[in-house]
Amino acid sequence: MPSEDVRWSELVCFVGRSSHIPAALAGLSSPDEQVRLNAFRLLVQDLAWNENVFEATPYAICDVVERLERRDVPHPNEAFALLRTLGNGEAAHPADQLAWAGS
């Protein structure tokens, strides 16, 4: 399902409703490293917190995969690190995740 067809405001994440998730996902495609880092941190915190994944997590994973397929991510290693984190429901600090992503 394309991300624009997802009813994000009806899906739950760590902080409640997921209305802010599409903007964070879009941040992964930014040429600005700080924007990408902030997006990564927000997505990890709100979609895979304390070894839990949330209702919005699978939809976000699909969006990241679609961005990778379209080559719409300037640094794919960051997107792959995010997918590993979300897929495993890891609770490590996002800065630690970026360290092994090679960023």
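Residues numbered from 1 in each chain as written. Predicted model: local features only at pLDDT ≥ 70, side-chain atom pairs only at ≥ 80, totals over all residues. Heavy atoms only, no water.

### Let's talk about the packing of aromatic side chains
Using the criterion set out here, one finds 1 aromatic pair in the structure. Taking the centre distance of 6.1 Å and the plane angle of 65° together, the rings of Phe14 and Phe54 count as edge-to-face. Of the two residues, Phe14 sits in the loop between strand 1 (12-13) and strand 2 (16-17) while Phe54 sits in the loop between strand 4 (52-53) and helix 3 (57-69), which places them 40 residues apart along the sequence. (Phe/Tyr/Trp six-rings, centres within 6.5 Å; stacked < 30°, edge-to-face > 60°. Helix = DSSP H or I, 4+ residues; strand = E, 2+ residues; numbered from the N terminus.)

### Things to note about the confidence of the model for the protein
Note that predicted coordinates carrying low pLDDT should not be read in detail. When pLDDT is averaged across the protein, the result is 85; 83% of the residues are at 70 or more. Averaged pLDDT values for the elements of the protein fall to 50 in helix 5 (residues 94-101) and rise to 96 in helix 1 (residues 21-27). (pLDDT = per-residue confidence, 0-100.)

### Re helix 4 (residues 76-88)
The terminal C-alpha atoms of helix 4 lie 18 Å apart, and with 13 residues this matches the ideal 18 Å at 1.5 Å per residue to within 8%. Phi turns positive, to about 60°, at Gly89, one or two residues after helix 4. (Expected span 1.5 Å × (residues − 1).)

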